[in-house]
Amino acid sequence: MSNSILGENVFFSIVIPTYNRLPILEKCLRALENQEFNNKKDIKDYEVILVDDGSTDGTLNWLATHKDEFPHVHCFEQVHAGPAAARNLGVEKAQGDTIIFIDSDLVVLSNFLQAHTNALIQGKEKLGSDSFFTYGAVINTSNFANPTAEPYKITDFSAAFFATGNVAIPKHWLVKAGLFDNSFQLYGWEDLELGVRLKNLGLKLIKCPEAVGYHWHPPFTLQQIPKLIDQEIQRGRMGVLFYQKHSTWEVKMMIQMTWFHRLLWGILSLNGFLNEKTMSPFLQWLIDLGKPQLALEVARIFLNWYNVKGVYAAYAEMRSK
């Protein structure tokens, strides 16, 4: 292997797909321009590969007007095709030997690149190869004014092996694995599916909690529920595609396609009686109390039920063909 992860030659390409996220995207890009390094010799340079996935909110015009403020940013565009295709285009255009994936609604700390660099160097020394990737921390927040003020919460924990919210990985492993599967055009699973292929190649996960990204989303409201339900149904369909590619018990557990999940969410939702209509007054009460995050967690009772039903509906459709 090359010594690109030994430190002295590392060149990061930060790949970011975006779709109609301009307000938070600006914060994301400014944070990446304001990186600080304790030991600059460890990093040769970095670039930000932004792939606009057919935005209609003026993202490209805004970037063209403000391009002098973002010297590290290289912008590309595609007809709306989803994040998998956008990330693949980003990897194709990347000049760096190490790819960092983040989302366009993620705001990082000023030590973000240095933290990933330190973890990559330590991982190489520990394993004696570059057969690994580093996985930073992601903290969910609805604080738009100051996203990085949010503390870590138990609900921020993730057991995912490979999730593109905050990972750094040698580019050649992505190429060897075959990049993202563009068949995942709906919501969900394209990154975890690639993770299965990376694990099959022998890659290890090294956690890097010092590389913190703050994932912004607007405070939960009842008006978001139809979109969230649609996302869960889409996630169910893409979960079945995931299972078609990797028919293992582990994947069945991940996508909730087991009798246990069907029983669990059926019981918790009272077989669908607790739904967006019957629970709306209680959810609104929590929101009015200033607890929108708690309201969202309660809403997951019926959101997960929609997901499980979506999985089994898509699986039945697949088997009937």
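No experiment lies behind these values; they were computed from the predicted model shown.

Observations concerning the overall build of the protein
Along the protein, the regular secondary structure elements total 11 helices and 8 strands. A compact globule built from 321 residues would reach a C-alpha radius of gyration of about 20 Å, and the protein, at 20 Å, matches this within 12%. Seen along its three principal axes, the alpha-carbon backbone of the protein occupies a region of about 60 × 40 × 35 Å. Counting across all 321 residues of the protein, residues that qualify as buried make up 52%. For the protein, restricting intrachain contacts to residue pairs at least 6 apart in sequence, the fraction spanning at least 24 positions comes to 81%.

What to know about the packing of helix α10 (residues 280-288) against helix α11 (residues 292-320)
Relative to each other, α10 and α11 sit at 160°, their axes nearing to 7 Å. Between α10 and α11, the interaxial angle falls into the category roughly antiparallel. The element α10 and its partner α11 pack so that their crossing is right-handed. Taken together, the residues of α11 that come into contact with α10 (itself represented by Phe282, Leu283, Leu286 and Ile287) are Pro292, Leu294, Ala295, Val298, Ala299 and Phe302. Along the lines of polarity and charge, the residues of the contact of α10 with α11 split into 10 nonpolar, no polar and no charged.

Concerning the pattern of salt bridges
A complete count under the given rule lists 14 salt bridges for this structure. Of the charged contacts, one joins Lys245 and Glu193 as a salt bridge, the two residues approaching to 3.1 Å between their closest N and O atoms. Of this pair, Lys245 sits in helix α7 (residues 225-245) while Glu193 is found in helix α6 (residues 190-200), placing the two residues 52 residues apart along the sequence. Of the residues examined, Lys245 reaches a relative accessible area of 35% and is grouped as partly exposed.

A closer look at α6
Counting buried positions over the 11 residues of α6 gives 9, a clear majority of the element. When we look at burial in α6, the residues that qualify are Glu190, Asp191, Leu192, Glu193, Leu194, Gly195, Val196, Arg197 and Leu198. Just past α6, the residue Gly202 takes up positive phi, approximately 95°.

Overview of the nonpolar core
For soluble globular proteins, the rule of thumb is that nonpolar side chains tend to be buried together. Core analysis: the biggest nonpolar cluster contains 40 residues, and Phe101, Phe162, Ile169 and Leu174 have the highest contact counts within it. Considering each element in turn, this core owes the most residues, 5 residues, to α7. Filtering out sequence-adjacent residues up to four positions away, Phe101 remains in contact with Val15, Arg87, Val91, Phe162, Thr164, Gly165, Asn166, Val167, Ile169, Leu174 and Phe180. Listed in part, the 36 residues of the second largest apolar core include Leu25, Leu50, Phe112 and Trp216.

Observations concerning helix α4 (residues 112-127)
With 16 residues, α4 extends 22 Å from end C-alpha to end C-alpha; this agrees with the ideal 22 Å at 1.5 Å per step. Where α4 terminates, the next one or two residues include Gly128, which has phi positive at roughly 75°.

Let's talk about the packing of aromatic side chains
For the structure on display, the rule yields 10 aromatic pairs. When the ring of Phe101 is compared with that of Phe180, the centres are 5.4 Å apart and the planes differ by 80°; the resulting orientation is edge-to-face. Within this pair, whereas Phe101 is found in strand β4 (residues 98-102), its partner Phe180 is found in the loop between α5 (171-177) and α6, the two being separated by 79 residues in sequence. A centroid spacing of 6.3 Å and a plane angle of 90° characterise the contact between Trp259 and Phe260, whose relative ring orientation is edge-to-face. For Trp259, a relative accessible area of 62% puts it in the exposed group.

Considering the sheet that holds β4
Pairing between the strands of a sheet is mediated by backbone hydrogen bonds and can be parallel or antiparallel. Taken in spatial order, the 8 strands make up an open sheet running β3-β2-β1-β4-β7-β6-β8-β5, and their pairing is mixed. Only two strands of the sheet have a single partner each, and these edge strands are β3 (73-77) and β5 (106-108). If you compare each strand with its neighbour and ignore which way they point, the axes differ by 30° on average. Packed on one face of the sheet, α4 meets β1 (10-18), β2 (43-52), β4, β5, β6 (132-141), β7 (166-170) and β8 (204-216) and runs near 170° to β8.

Observations regarding the side chain of Asp156
Relative to the helices and strands, Asp156 is located in the loop between β6 and β7. Judged by its relative accessible area of 8%, Asp156 falls in the buried class. In contact with Asp156, not counting residues within four places along its chain, are Val138, Ile139, Asn140 and Pro151.

So, the packing of α7 against α11
The geometry of α7 relative to α11 is characterised by a closest axis approach of 7 Å and an angle of 40° between their N-to-C directions. In terms of orientation, α7 lies oblique with respect to α11. As for the relative orientation of α7 and α11, their crossing is right-handed in sense. Along the contact surface, α7 presents Ile225, Leu228, Ile229, Glu232, Ile233, Arg235, Gly236, Arg237, Val240, Tyr243 and Gln244, while α11 presents Leu296, Phe302, Leu303, Asn304, Tyr306, Asn307, Gly310, Val311, Ala314, Tyr315, Glu317 and Met318. Grouping the amino acids of the contact of α7 with α11 by side-chain chemistry returns 14 nonpolar, 5 polar and 4 charged.

Parameters and conventions
- Residues numbered from 1 in each chain as written.
- Predicted model: local features only at pLDDT ≥ 70, side-chain atom pairs only at ≥ 80, totals over all residues.
- Heavy atoms only, no water.
- Helix = DSSP H or I, 4+ residues; strand = E, 2+ residues; numbered from the N terminus.
- Rg over C-alpha atoms; globule rule 2.2 N^0.38 Å.
- Buried < 20%, exposed > 50% of the residue type's maximum accessible area, 1.4 Å probe, protein only.
- Contact = heavy atoms within 4.5 Å.
- Axes fitted to C-alpha atoms, helices over the stretch in contact; angles between N-to-C directions.
- Parallel < 35°, antiparallel > 145°, perpendicular 65-115°, else oblique.
- Left-handed = near helix turned anticlockwise from the far one by under 90°.
- Nonpolar A, V, L, I, M, F, W, Y, C, P; charged D, E, K, R; others polar.
- Salt bridge = Lys/Arg side-chain N within 4 Å of Asp/Glu carboxyl O.
- Core = buried A, V, L, I, M, F, W, Y, C linked by side-chain atoms within 4.5 Å.
- Expected span 1.5 Å × (residues − 1).
- Phe/Tyr/Trp six-rings, centres within 6.5 Å; stacked < 30°, edge-to-face > 60°.
- Pairing = 2+ DSSP bridges.

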